[in-house]
Amino acid sequence: MADPKDHTTPSVQKGIPQPASLNPGWIPKTRRKLSQADEYIAGILNGDRVLLSQAITLIESKQTRHQALAHEIIEACLPHSGNSIRIGITGVPGVGKSTFIEALGQNLSANGHKLAVLAIDPSSQISKGSILGDKTRMAKLAIDPNVYIRPSAAGESLGGVARKTRETLILCEAAGFDTLIIETVGVGQSEVAVHSMVDFFLLLLLPGAGDELQGIKRGIVEMADLIAVNKADGDNQPKAKRAVADYRNALHLFPPKASNWTVQVLTCSALSGMGITEIWGLVEEFRRFSEANGFFQRQRQSQARYWLHESIQQSLREQFYQHPQVRALLEEKELSVQAQKQSPFHAAEDLVRLFLESRS
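If you're wondering where the values come from, they're calculated on a predicted model, not measured in any experiment. (Residues numbered from 1 in each chain as written. Predicted model: local features only at pLDDT ≥ 70, side-chain atom pairs only at ≥ 80, totals over all residues. Heavy atoms only, no water.)

## Details of helix H12 (residues 276-292)
Phase 1: With 17 residues, H12 should cover 24 Å at 1.5 Å per step; its first-to-last C-alpha distance of 25 Å lies within 8% of that length.
Phase 2: Within H12, the full set of buried residues consists of Ile-276, Ile-279, Trp-280, Leu-282, Val-283, Phe-286 and Ser-290. Around the axis of H12, the buried residues are gathered within 155 degrees of arc, so they sit on the same side. In this structure, H12 carries Thr-277, Arg-288 and Ala-292 as exposed residues pointing more than 90 degrees from its buried face. (Helix = DSSP H or I, 4+ residues; strand = E, 2+ residues; numbered from the N terminus. Expected span 1.5 Å × (residues − 1). Buried < 20%, exposed > 50% of the residue type's maximum accessible area, 1.4 Å probe, protein only. Arc of directions from axis to C-beta.)

What follows is the structure, given as structure tokens:
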């Protein structure tokens, strides 16, 4: 009988020496059987984070059987959602979004809130891979029992927003999280996608970056409900005050917001915690203000309508490109367009006509 302390593989006894296992206690897992929808639903409603994470994985999957199960779970959880405040946070690279979210999250947890952070990681357009390192950047939040962090790869979706983020919001709310934060990959034209699924949009900026305001697209500033100049500590304080004055002056050039909310600009320091309490106070004030004038609910309804149309476009796009006849002809059309034998518009019309006629 082999020595139980021997961590070499069984093949050693057969005369084929191999290196010892790096993890001698590891037993290979068999493929896990999918749970039934009822099990996922009950687990999510009871706050089971393992089942919540598994259900989100189903949402993100492209397999047909996973999608069917995910849709069943979402529909059942939908009546239990909608009771949170949804916050989108964006900012230029290096502004300290993750550090800010950790500081804000610790403040919320200490005051009894349950927070879910949906962190969207940029995906490489070359390797299609992503780092998914948000739990590393938010090490303290990652072990907080009141906080759930779910990093997702942005993939090819609009503005770095994971394709199924809105469905994930529904499940997190059904699981009892009263505050949801979506951290985006950065500032870009398609941050509209984030704005279309949150109640409150926070734009983080850096001090002493006077030209930064020129480089930020006007639409992003117009969407912001609050502008916070982060890293306003130490030698940065004078520059931060000047930045606040610049941004406040710039806001006078913008039209009033649909919510009638007056956008404020203030300073904060995620490292020291300065300004974090004030920022959360403004989020709560915004919610009371927008609920009182009816904007909060109207915006939620408008967002639901927006995502209906987005889902239709996404579904049609997927069906079109997966259609066997379209796939068979697509490369030929691409070559024809590249060789300038046919215009892209005419080629597209041919492909769409083929798709529609084959389904009629």
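Here the narrative resumes.
## Notes on the pattern of salt bridges
Phase 1: Counted under the stated rule, the structure contains seven salt bridges.
Phase 2: The salt bridge partner of Asp-225 is Lys-257, with a shortest N-O separation of 3.7 Å. In this pair, Asp-225 sits in the loop between helix H10 (218-223) and strand E6 (226-229) while Lys-257 sits in the loop between helix H11 (237-251) and strand E7 (264-267), placing the two residues 32 residues apart along the sequence. Of the two residues, Asp-225 and Lys-257, neither departs from the other in class, the shared state being buried.
Phase 3: Note that Asp-350 and Arg-353 form a salt bridge whose closest N and O atoms lie 3.1 Å from each other. Taken together, the residues span about one helical turn, with Asp-350 and Arg-353 both in helix H15 (residues 344-359) at a distance of three residues.
Phase 4: Each member of the salt-bridge network shares a partner with another, and the members are Lys-333, Asp-350 and Arg-353. (Salt bridge = Lys/Arg side-chain N within 4 Å of Asp/Glu carboxyl O.)

## A word on the side chain of Asn-230
Phase 1: Tracing the backbone shows Asn-230 in the loop between E6 and H11.
Phase 2: Within the local environment of Asn-230, its side chain forms a polar contact with the backbone oxygen of Val-95, the two atoms lying 2.9 Å apart.
Phase 3: Residues in contact with Asn-230, not counting those within four places in the same chain, are Val-95, Gly-96, Leu-205, Leu-206, Pro-207, Cys-268, Ser-269 and Ala-270. (Polar contact = N/O pair within 3.5 Å; in protein donor to acceptor, adjacent residues only side chain to side chain. Contact = heavy atoms within 4.5 Å.)

## Let's talk about the pairing of strand E4 (residues 179-183)
Phase 1: Of all five residues in E4, five are buried; the element is thus mostly enclosed.
Phase 2: Side chains Thr-179, Ile-181 and Glu-183 project from E4 onto one buried face, and the interleaved Leu-180 and Ile-182 project onto a second face that is buried too.
Phase 3: Examined bridge by bridge, strand E1 (residues 85-91) and E4 share five bridges and lie parallel to one another. Pairing of Ile-87 across the sheet is with Ile-181, part of E4. (Pairing = 2+ DSSP bridges.)

## Observations concerning helix H7 (residues 165-174)
Phase 1: In terms of residue burial, H7 counts as a mostly covered element, since nine of its ten residues are buried.
Phase 2: Of all the positions in H7, only Thr-165, Arg-166, Thr-168, Leu-169, Ile-170, Leu-171, Cys-172, Glu-173 and Ala-174 are classed as buried.
Phase 3: Within two residues after H7, Gly-176 carries a phi angle of roughly 100 degrees, on the positive side.

## Focus on the nonpolar core
Phase 1: Grouped together as the largest cluster of nonpolar side chains are 84 residues, with contacts concentrated most on Ile-44, Ile-73, Phe-100, Leu-171, Leu-202 and Ile-227.
Phase 2: With residues up to four places along the chain from it excluded, the contact list for Ile-227 reads Leu-203, Leu-205, Val-221, Tyr-247, Leu-251, Val-263, Gln-264, Val-265 and Leu-266. (Core = buried A, V, L, I, M, F, W, Y, C linked by side-chain atoms within 4.5 Å.)

## Looking at the packing of helix H1 (residues 37-45) against helix H2 (residues 49-60)
Phase 1: One way to put it is that H1 packs onto H2 with a least axis distance of 8 Å and a crossing angle of 125 degrees. Compared by their axis directions, H1 and H2 come out oblique. Here the hand of the crossing between H1 and H2 comes out left-handed. Where H1 approaches H2, its residues Glu-39, Tyr-40, Gly-43 and Ile-44 are matched on the opposing element by Leu-51, Leu-52, Gln-54, Ala-55 and Leu-58.
Phase 2: Across the contact of H1 with H2, the residue classes tally to six nonpolar, two polar and one charged. (Axes fitted to C-alpha atoms, helices over the stretch in contact; angles between N-to-C directions. Parallel < 35°, antiparallel > 145°, perpendicular 65-115°, else oblique. Left-handed = near helix turned anticlockwise from the far one by under 90°. Nonpolar A, V, L, I, M, F, W, Y, C, P; charged D, E, K, R; others polar.)

As far as function goes, none of this settles anything; it's purely spatial.
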